[in-house]
Amino acid sequence: MPSGPSGPSDEPATGRWGASGSGATKPAAWTAIVNADRDYYETVLRQNEANSAFTFPPYCPERRIPLDRPQVRIGRRSVSQGTVPEIDLSEPPEDPGASHTHAVLLSRPDGTVSLVDPGSTNGTTVNGSEEPIPVNVEVPMRDGDRIHIGVWTTITLRKG
C-alpha cells in the first residue's frame, strides 16, 4: 500500500466489503426472514410436552431484517441486562423459548454468513434437525437455510 503524508491509509476508505474504486464488487446482501412456524412449533411440542403451555400465535407478521452489519444478535430484549438484539423475539408475539442472547449471525467480508449459539438455554437448530448446533462454534450458512429458535421461530436466510 503506498505511503503518503498521512501514512499508509492515503487510499480511499475501503469499508468492510472491499476496496472502493478498485473493481471489487460488494457481495450480495443477506436478509433474515423471521416467521412464527407452525411446523417447527409442532415438532417442539412432540419433543417436550411442557411446551404445550405455549399457544401458537394467531397472528405474527413476517419480518425482514437486512444483515447489514458484522454481527446481528438474535434474542429477546432485556432492560435489566441491557440487551437489545437486532432480531428481537420479544416483539409480539414474544417467543418464550428464546434466550436474551440466543444466537448471533456473523457477516464476513467475503459475503458469507455464519451462525453461532453462544450458549442459549434451549439450543439452536438448523434446517429441521433435532440436534442443536454446538455452543460457540461457527456454523456456515447458505442461501435458504432455516434457523429454528425458541418455541416457534424460524429465521430463513436469503442471499441477494
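Conventions we followed
Residues numbered from 1 in each chain as written. Predicted model: local features only at pLDDT ≥ 70, side-chain atom pairs only at ≥ 80, totals over all residues. Heavy atoms only, no water. Helix = DSSP H or I, 4+ residues; strand = E, 2+ residues; numbered from the N terminus. Contact = heavy atoms within 4.5 Å. Areas by Shrake-Rupley, 256 points an atom, 1.4 Å probe, with all protein chains shown as cover. Phe/Tyr/Trp six-rings, centres within 6.5 Å; stacked < 30°, edge-to-face > 60°. Buried < 20%, exposed > 50% of the residue type's maximum accessible area, 1.4 Å probe, protein only. Salt bridge = Lys/Arg side-chain N within 4 Å of Asp/Glu carboxyl O. Pairing = 2+ DSSP bridges. Axes fitted to C-alpha atoms, helices over the stretch in contact; angles between N-to-C directions. Core = buried A, V, L, I, M, F, W, Y, C linked by side-chain atoms within 4.5 Å.

- As annotated in an unreviewed UniProt entry, the protein is FHA domain-containing protein from Actinoallomurus oryzae.

**Focus on the overall build of the protein**
Consideration 1: From N to C terminus, the protein includes 1 helix and 10 strands.
Consideration 2: Listing each helix as α and each strand as β along the protein from the N terminus yields β-α-β-β-β-β-β-β-β-β-β.
Consideration 3: Taking as baseline every contact in the protein between residues at least 6 positions apart, the subset at least 24 positions apart corresponds to 52%.
Consideration 4: A total accessible area of about 9,000 Å² is found for the protein, and carbon and sulfur atoms account for 51% of it.

**What to know about the packing of aromatic side chains**
Consideration 1: Under the definition given, this model contains 3 aromatic pairs.
Consideration 2: Arranged with centres 5.3 Å apart and planes meeting at 50°, the rings of Y41 and F56 form a pair that is tilted. Of this pair, Y41 sits in helix α1 (residues 38-47) while F56 sits in the loop between α1 and β2 (63-66), and the two are 15 residues apart along the sequence.
Consideration 3: What makes Y41 buried here is its relative accessible area of 8%.
Consideration 4: Arranged with centres 6.3 Å apart and planes meeting at 80°, the rings of F56 and W152 form a pair that is edge-to-face. Taken as a pair, F56 in the loop between α1 and β2 and W152 in the loop between β9 (146-149) and β10 (153-159) lie far apart in primary sequence, 96 residues in all.
Consideration 5: Residue classification places F56 among the buried positions, given a relative accessible area of 13%.
Consideration 6: Given the relative accessible area of 5%, W152 is considered buried.
Consideration 7: Taken together, the aromatic side chains of Y41, F56 and W152 make up a single cluster linked through ring pairs.

**Overview of the pattern of salt bridges**
Note on pairing: side chains with opposite charge can pair once their charged atoms come close.
Consideration 1: All chains considered together, the criterion is met by 10 salt bridges.
Consideration 2: Taking the shortest distance from any N to any O, the salt bridge between D88 and R77 comes out at 2.7 Å. Here D88 is found in strand β4 (residues 87-88), whereas its partner R77 is found in the loop between β3 (71-75) and β4, with 11 residues between them in sequence.
Consideration 3: Using a relative accessible area of 41% as the deciding quantity, one classes R77 as partly exposed.
Consideration 4: The network of salt bridges with shared partners includes D68, R69, R73 and E86.

**Observations regarding the sheet that holds strand β7 (residues 124-126)**
Consideration 1: Pairing is antiparallel in the open sheet, where 5 strands are placed in the order β2-β1-β10-β9-β7. At either margin of the open sheet sits one strand with a lone partner, and together these are β2 and β7. Averaged over all adjacent pairs, the angle separating strand axes in this sheet is 25°, with direction ignored.
Consideration 2: Here β7 pairs with β9 via 3 bridges, running antiparallel. Considered in β9, the bridge of T125 is made with H148.

**Overview of the side chain of T156**
Consideration 1: Its location among the elements puts T156 in strand β10.
Consideration 2: In contact with T156, not counting residues within four places along its chain, are T31, A32, I33, G144, D145 and R146.

**Observations concerning the nonpolar core**
Consideration 1: Among the nonpolar cores identified, the biggest contains 22 residues, and I87, L105, I155 and L157 are the most heavily contacted of them.
Consideration 2: Of all the elements in the fold, those that place two or more residues in this core are β1 (30-36), β3, β5 (103-107), β6 (113-116), β8 (139-141), β9 and β10.
Consideration 3: For this core, the element with the most residues is β1, which contributes 3 residues.
Consideration 4: Once residues lying within four places of it in the same chain are set aside, the contact partners of L105 are L67, P70, Q71, V72, I74, I87, V113, S114, L115, I147 and L157.
Consideration 5: Ranked by size, the runner-up nonpolar core spans 7 residues in total, among them Y40, Y41, V151 and W152.

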